[in-house]
Amino acid sequence: MSESLLELRNVSIRYRTGRGHVSAVEDVSLQVPTGASIGLVGESGSGKSTLALALMRLLPQNAEVTGEMIFAGENLVTKTESQLSKGWRWRKLAMVFQKSLAAMSPVHRIGQQMEDVLTIHEPHLTKPEREQRLHDVLTSVRLPNRVLRAYPFELSGGMMQRSMIALGLLCNPPFLIFDEATTALDVITQTQILKEIERLKAEYNLTTIVISHDVGVINAVTDTVAVLYAGQLMEVAPRETFFSNPQHPYSQALISSVPRLRGEKTRLAGIPGSLPDLTNPPQGCRFAPRCPHATEGCLAVTPPLVEVAPGHLVRCTDIPLREVVA
Amino acid sequence: MSEAPLIVADELQCLFTVRRGPVEFIRGKASRIHAVDTVSFTLERAEILALVGESGCGKSTVGRMLVKMEEPTAGALTFAGETVNALSGARLKEFRRRAQMIFQNPFEAFDPRLTIGTSLQQAMQIHNIGKDQHDRLQRIVTVMERSGLTPAEDFLSRYPHELSGGQSQRIATVRVMLLSPEFVVADEPVSMLDVSVRADILNQLLDLRDELDMGIVFITHDLAVARYIADRIAVMYLGMFVEVGPAEEILANPRHPYSQALLSNTLPAGDEDRITEPMPIGGEVPTPVDIQPGCRFANRCPFAFDRCFKETPILQAHGGKTEVACHLLG
Amino acid sequence: MAQTLTSTPVAEIAPRRNGRWRAQWSLFVESRMGPIGLAILIIVALVAICAPLIAPDGPFKLGATRLLAPGKEGHILGTDHLGRDMLAQIVYGARVSLVIGIVAATISLIVGMVVGSIAGYYGGIVDMVLSRITDMFLIIPAFFLIIIIVATLGSGIIYVMVVIGLTAWPASARLMRAQAMSLRERTFIHALRALGESNRKILFRHIIPNGIQPLIANASLDIASAILIESGLSFIGLGDPNKATWGRMIYDGRTTITTAWWVSVFPGIAIIITVLGFYLVGDGISYVLNPRNRKVRT
Amino acid sequence: MGRYISRQLASIIPTILLSIVINFMLLHAAPGDPARVLAGKDNPSEEQIAAIRAELGLDRSLPVQFFSYVRELLQGNMGQSLSFKQPVFDLIMSRMPATLLLTVTSAILALAIGTLLGVAAAQRAGTVKDAALSFGNYALFAMPGFWLGLILMVIFSSKLGWLPTAGMRTVRADYTGWRDVLDVMQHMILPVATLTLVQVPIYFRITRASVIQERQQDYMTTFRATGMPPTHTFRRYALRNALLPTITVFGLGFGFVFTGAALVEIVFAWPGIGRLTLDAVFRRDYPLLLGVYLILAIAVSIAVMLTDIVYALLDPRIRLR
């Protein structure tokens, strides 16, 4: 395994609100090796988008980040805003946002906005060089040059999302975060864009984090899956292992609650109960109140993230027991 | 009465006129959006039909026409042997009780100012169901507990914003059940919910079908969900049915190129392999303004030939129970 | 559910039911402008209510000495050209101004609410006609219309209030229309229609109660502008001659302003303070209603 | 765009028609005989009344009367002013330049000052400076313009003697050329200052609110993520988006300016529409009052239309639809 480009060490994020602290992310440790593609999957309230924004240091003022986020040897948590703007954001880490229509200024042309971003990071480029670069990134996401002259509202959802990916690739970053980047799109468009992402990863030699609530998306474009539930990392596993042999009860429930396209039609089972109140999270494992296998011990102590096989980590006290049974 | 199919849709059509300014008005030029263009099908009691398609294909408009939330521009709709196109007054109200709708957004299913109990009672009061308040509450509690919402009293005093999306959608379904409808249109009822609670809603609907012999039209963009819940599937593209047939038949062997594209581009959510490589399809679903004759999928279809651009294919069976609208099949 | 990039929900945590009022109150306090305005209005209202206590002789008692400077002979704010005590006039004027403002704003609120909600909820041709009429009334210079009407029909206080109210409604109507249009597309309204509820009941029991909040904030501004319009009318001599309004006092003091500044200045300050109070309260309410300011943004 | 402009042009016609209808209705809604009303209250002679009745054709049916009224209006005939013994249209047009001088100058000044202050306050949103600016703005907004004018006049003319008290030109001076321009400008200072001050809050409020709102848009997060310096994002993107609503307010605000101007003109004895209106009110000169109202309605409609067109030029979402 190659060296980690990004390593999260005990990252916790809390929001200060009128009703106390919301513990959005708790004690997340994760290694992202160079060239890897990590899929961060979780339902609403799992803290996955909070984590993504934290990586770009874009969280609102009332958020507190503790722990370390080591990117290429440097801790992002301690960087100042001006340090981040010069040399980090977009040069080293870029992001493709959800809800793309509002993600660009509505009254400026797309080309103008992209060129502006490029000028800030590479002021030495001449006008023809900048135009060449814009043309290149558009070509790599299979968009025609006329998009540069268009305003955001003139583009379809799919084209706008491609433009956002082009914007992300503009400064050749080694690391790209996709935050629900295909969520609002139709089935066929979504699959096509995911295929582009796969191709671009090789072409640009990208390390990526793909965030989605949709296990189908995660299945399509990642090599490692990390499962978040209520701010806690529950399981990290290679993609094949995750889908064929998930270990955490939450992962299992997550996969089995999705209907299948083929095979035996069995009655689906949801997960009973609802998300814990994160202003007052339960002691111990946060999934315990909804877990079919939970014991009193689960409610008392947070189980550690244990490596059950190479590259496969699970946070569950029940694991050894069920492995014996299996 | 009981012989007649629950729903007969006969060449339903819904066109929207594009807003005109004074200039266009004077010129007498008006563009029309073909939201739904001649859709015909029947639905039996205790049958679930899934309408599948991408956004803008007109599947929601069909659903809304079926419960008279949208008036068809042309075509006839028959409900249990009775034409519903021109219903009004008391007859319309009775139709409203018998034909219900479940909506996509559970977070806005109830008036935010009213408690759940008030909203549920209001639904019954509209149709004078229940003798008095006590009786109505009794019924509400019974239906809720049967749906697994226990203890029911605990939910009745809450406000909508105090419920999770899953709870809210289940109670919205309960509200519909209180009227004992014979037919329900469910418009993407799980697409805004977390996967872990989707199964509950789907199972709730399946149970209701079994208990009450209810006919359901289930609208979804997700073929896997359609397969799970429906007996039959209708695939829609730009306001038309391109393929209609038994769910398993369509999933196993889609005949229309668009159905094939849709199925092959649906992401597998488990460790099963893809059925085929995703079929590459150019462009996106266009807005159906001022439609010309010919197959609507022709300009994106990899197999299109001359005839597809000139003649609109008709939905017909080509051996088997599935009907397909495609010139490739002869 | 509408989510923005920066406010992805962490959990569905909602404030408790009775905490809702408390949460709104704390937002109102947080707006800073709101509580100041409320304090001002409470004082103005108390003065208006307690007028007979503050000025037992009433506003019209003629004094012996005319144009007496403030502080002389027990007249804290001086006297006017007829020797009437300025303080007494201002205190009683508060009653008139508040009544004019509140009545005019109520008329405009009701008309705007009805017109706007019908236009927004029914849409189509009804909306086209009603909102064109609304826009036209919005554009027409209302003050001049009021001048003509009052000059033609008479300048009794009732006329003045009604006419101001009937020319001020377009703003409320536009707000209510926007509210009704967005509410109409909300799922619970669709659901009520599907359940068979009549349009009239949906309109009055669900659309209006759910959409009225911005109109309340606007009504506060309407009260303020009604007070200003009335003072303008009085200033050009079209006020009710039988009522001691602040505008009329400024008008009275106009000719002697170089020698007896207090006759015009104090009523002006009274107008500013009262109008300011309504503006600030309106600002506070708008702050509370702005979803961006909601706390527990997760 | 051409289609947009033609649509805008078409859209002001109903507004103008409505004003005409209101005018017509006011004539007939007035208590008593419209001819008597039009003749004024100061005991008109029977011949006068008969003449007016004949002119308006009051013996005919209402629709016929309405159409003849409109036909007269289209020919610029708004009737005869009773007190000035002049055609109403000519009278108003002779006073219009003086009013436009005040309104246009003050509207532009207020737009500039209010917008700048609004941006400044929004950038300090939540600080004490912002609160002070907002409070001061509301206080200014709460001030009746005519009262402010009186105060300024007392201070700067009567007490300090720096500026002329009233009028548009120095009486009996008969200046010409540049000397005249300077003289008018000197007389303008106080009324323009008054009108500017009362309008500043309009632009302040809308600018502050829309800048604050714009800073919370999603694209601001995108640009922050790209490492674009906040000042650059603000100047280049947020400001352009945030200033769009100001344009609409500028158009609608014109009605407000005329109102304010009328009262301020009275205070400073400025020979504009406001003075004319006051005279008309005092002398119960109804044809003149109705004429003033109609001309202003048309002027404001056109101002609103022009600003809508400017808005469309600056906002592609409207221009390209």
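Our subject in this report is the structure included herewith. Bear in mind the structure is a predicted one, so any value in this text is a computation, not a measurement.

1. Quick look at a positive patch on the surface
Link 1 in the chain: Together, K93 of chain B together with R200, K201 and R205 of chain C make up a region of like positive charge exposed at the surface.
Link 2 in the chain: Its place among the elements puts K201 of chain C in helix 9 (residues 199-211).
Link 3 in the chain: Among the residues examined, K201 of chain C registers a relative accessible area of 31% and is labelled partly exposed.

2. What about the interface of chain C and chain B?
Link 1 in the chain: If you look at the interface, chain C gives 22 residues, while chain B gives 31 residues.
Link 2 in the chain: The contact between chain C and chain B buries some 2,500 Å² in all, and 54% of this surface belongs to carbon and sulfur atoms.
Link 3 in the chain: For the salt bridge of E108 of chain B with R186 of chain C, the shortest nitrogen-to-oxygen distance reads 2.9 Å.
Link 4 in the chain: At the boundary of chain C with chain B, the tally comes to 11 residue pairs in polar contact (both at pLDDT 80 or more).
Link 5 in the chain: Broken down by element, the side of chain C that touches chain B gets its largest block of residues, eight residues, from helix 8 (residues 187-195) of chain C.
Link 6 in the chain: Along the lines of polarity and charge, the residues of the side of chain C that touches chain B split into nine nonpolar, five polar and eight charged.

3. Here we look at the environment of M153 of chain D
All names here are of chain D.
Link 1 in the chain: Positionally, M153 belongs in helix 7 (residues 145-159).
Link 2 in the chain: Since its relative accessible area comes to 10%, M153 is described here as buried.
Link 3 in the chain: Along the backbone, M153 and G255 are 102 residues apart, and their C-alpha atoms lie at a distance of 25 Å.
Link 4 in the chain: Not counting residues within four places of it along the chain, the set of residues in contact with M153 comprises S158, T165, L190, V267 and F268.

4. Notes on the packing of aromatic side chains
Link 1 in the chain: Counted by the stated rule, this structure contains 23 aromatic pairs over all chains.
Link 2 in the chain: With centroids separated by 4.7 Å and ring planes inclined at 55 degrees, the aromatic side chains of Y229 of chain A and Y250 of chain A adopt a geometry described as tilted. With Y229 of chain A in strand 9 (residues 224-229) and Y250 of chain A in helix 9 (residues 249-256), this residue pair connects regions lying 21 residues apart in the sequence. Of the two residues, Y229 of chain A and Y250 of chain A, neither departs from the other in class, the shared state being buried.
Link 3 in the chain: Ring geometry for F79 of chain B against F183 of chain B: centres 6.4 Å apart, planes inclined by 45 degrees, an arrangement best described as tilted. You can see F79 of chain B sitting in strand 4 (residues 74-79) and its partner F183 of chain B sitting in strand 7 (residues 183-187), a full 104 residues away along the chain. With respect to burial, F79 of chain B and F183 of chain B carry one shared label: buried.
Link 4 in the chain: The structure contains a cluster of three or more aromatic residues connected by ring pairs, namely F71, W88 and F175 of chain A.

5. Details of helix 2 (residues 59-66) of chain B
Link 1 in the chain: When you tally the buried positions in helix 2 of chain B, you get seven out of eight residues, the bulk of the element.
Link 2 in the chain: Every buried residue of helix 2 of chain B is listed here: K59, T61, V62, G63, R64, M65 and L66 of chain B.

6. Let's talk about the nonpolar core
Link 1 in the chain: Residues I147 and F235 of chain C are the most contacted members of the largest nonpolar core, which totals 138 residues.
Link 2 in the chain: Apart from the residues within four sequence positions on either side, I147 of chain C is in contact with L233, I236 and L238 of chain C together with T277, V281 and L289 of chain D.
Link 3 in the chain: With 120 residues, the next largest nonpolar core counts L58, V77, V96 and L170 of chain A among its residues.

7. Some points on the interface of chain D and chain C
Link 1 in the chain: On the chain C side, the residues contacting the 57 residues of chain D number 46 residues.
Link 2 in the chain: Overall, the association of chain D and chain C removes approximately 4,600 Å² of surface from exposure, summing both partners, and the carbon and sulfur fraction of that is 78%.
Link 3 in the chain: The interface formed by chain D and chain C includes zero salt bridges.
Link 4 in the chain: Contributions of two or more residues to the side of chain D that touches chain C are made by helix 1 (2-29), helix 6 (128-141), helix 7, helix 9 (218-225), helix 10 (230-267), helix 11 (273-282) and helix 12 (286-314) of chain D.
Link 5 in the chain: Looking at which element gives the most residues to the side of chain D that touches chain C, the answer is helix 12 of chain D, with 10 residues.
Link 6 in the chain: Here the side of chain D that touches chain C is composed, by residue class, of 39 nonpolar, 13 polar and five charged.

8. Brief notes about the pattern of salt bridges
Residues and elements named next belong to chain A.
Link 1 in the chain: Enumeration over the complete set of coordinates arrives at 46 salt bridges over all chains.
Link 2 in the chain: For K48, the salt bridge is made with E180, and the minimal N-O distance between the two is 3.7 Å. One end of the pair, K48, is in helix 1 (residues 48-55); the other, E180, is in the loop between strand 7 (175-179) and helix 6 (187-203), and 132 residues separate them in sequence.
Link 3 in the chain: Of the residues examined, K48 reaches a relative accessible area of 8% and is grouped as buried.
Link 4 in the chain: Notably, a salt bridge pairs R89 with E81, separated by 3.0 Å at the nearest N-O pair.
Link 5 in the chain: Under the relative-accessibility criterion, R89 is labelled buried at 1%.
Link 6 in the chain: One network of salt bridges, in which partners are shared, links R142, R162, E196, R199 and E203.

9. Looking at the sheet that holds strand 5 (residues 82-83) of chain B
Residues and elements named next belong to chain B.
Link 1 in the chain: With antiparallel pairing, four strands are arranged side by side in an open sheet as 2-1-4-5. Every other strand in the sheet has two partners, leaving strand 2 (32-43) and strand 5 as the edge strands with one partner each.
Link 2 in the chain: Pairing between strand 1 (residues 7-17) and strand 2: eight bridges, direction antiparallel. Note on strand 2: the bridge partner recorded for T17 is R32.

10. Looking at the packing of helix 5 (residues 88-123) of chain D against helix 10 of chain D
Residue and element names in this part refer to chain D.
Link 1 in the chain: Helix 10 packs onto helix 5 with a crossing angle of 140 degrees between their chain directions and a minimal axis gap of 8 Å. In terms of orientation, helix 5 and helix 10 fall into the oblique class. Considering how the two elements wind past one another, helix 5 and helix 10 form a crossing that is right-handed. Touching T99, L100, L102, T103, V104, S106, A107, L111, T115, V119 and Q123 of helix 5 are F234, L239, L243, T246, F250, F254, V257, F258, A261 and E265, all from helix 10.
Link 2 in the chain: Of the residues assigned to the contact of helix 5 with helix 10, the class counts are 14 nonpolar, six polar and one charged.

11. Some points on helix 6 (residues 142-153) of chain C
All names here are of chain C.
Link 1 in the chain: Compared with an ideal rise of 1.5 Å per residue, which puts 12 residues at 16 Å, helix 6 spans 16 Å between its outermost C-alpha atoms and is within 8% of the ideal.
Link 2 in the chain: For helix 6, a buried count of 10 out of 12 residues is recorded, marking the element as mostly surrounded by other parts of the structure.
Link 3 in the chain: G154 occupies a position one or two residues after helix 6 and carries a positive phi of about 120 degrees.

12. With respect to the sheet that holds strand 3 (residues 37-41) of chain A
All names here are of chain A.
Link 1 in the chain: Read across the open sheet, the eight strands follow the order 6-7-8-3-9-10-12-11; overall the sheet is mixed. Only two strands of the sheet have a single neighbouring strand rather than two, namely strand 6 (93-96) and strand 11 (306-309). For this sheet, the mean angle separating the axes of adjacent strands, direction not counted, is 25 degrees.
Link 2 in the chain: Sheet topology places strand 11 next to strand 12 (residues 312-314); three bridges connect them, and they run antiparallel. Each residue of the ladder has a partner; that of V306, found in strand 12, is V314.
Link 3 in the chain: Along the sheet, helix 9 contacts strand 3, strand 9 and strand 10 (232-238); its crossing angle with strand 9, the most-contacted strand, is approximately 100 degrees.

13. Digging into the pairing of strand 10 of chain A
All names here are of chain A.
Link 1 in the chain: Here strand 10 lies mainly inside the structure; six of its seven residues are buried.
Link 2 in the chain: In terms of strand pairing, strand 9 meets strand 10 through six bridges, oriented antiparallel. The residue bridging V227 from the neighbouring strand is E235, located in strand 10.
Link 3 in the chain: Connecting strand 9 to the antiparallel partner strand 10 that follows it, the hairpin turn spans two residues, and A230 within it adopts a positive phi of roughly 45 degrees.
Link 4 in the chain: Bridging between strand 10 and strand 12 involves two bridges; their strand directions are antiparallel. Bridge pairing in strand 12 places E235 opposite V314.

The rules behind each value
- Residues numbered from 1 in each chain as written.
- Chains lettered and ligands numbered in written order.
- Predicted model: local features only at pLDDT ≥ 70, side-chain atom pairs only at ≥ 80, totals over all residues.
- Heavy atoms only, no water.
- Patch = residues over 30% accessible without salt bridge, like charges linked within 9 Å, V, L, I, M, F, W, Y side chains within 5 Å.
- Areas by Shrake-Rupley, 256 points an atom, 1.4 Å probe, with all protein chains shown as cover.
- Salt bridge = Lys/Arg side-chain N within 4 Å of Asp/Glu carboxyl O.
- Lys, Arg positive; Asp, Glu negative; His and termini not counted.
- Charge placed at Lys NZ, Arg CZ, Asp CG, Glu CD.
- Helix = DSSP H or I, 4+ residues; strand = E, 2+ residues; numbered from the N terminus.
- Buried < 20%, exposed > 50% of the residue type's maximum accessible area, 1.4 Å probe, protein only.
- Contact = heavy atoms within 4.5 Å.
- Buried area = accessible area lost by both parts, 1.4 Å probe.
- Polar contact = N/O pair within 3.5 Å; in protein donor to acceptor, adjacent residues only side chain to side chain.
- Nonpolar A, V, L, I, M, F, W, Y, C, P; charged D, E, K, R; others polar.
- Phe/Tyr/Trp six-rings, centres within 6.5 Å; stacked < 30°, edge-to-face > 60°.
- Core = buried A, V, L, I, M, F, W, Y, C linked by side-chain atoms within 4.5 Å.
- Pairing = 2+ DSSP bridges.
- Axes fitted to C-alpha atoms, helices over the stretch in contact; angles between N-to-C directions.
- Parallel < 35°, antiparallel > 145°, perpendicular 65-115°, else oblique.
- Left-handed = near helix turned anticlockwise from the far one by under 90°.
- Expected span 1.5 Å × (residues − 1).

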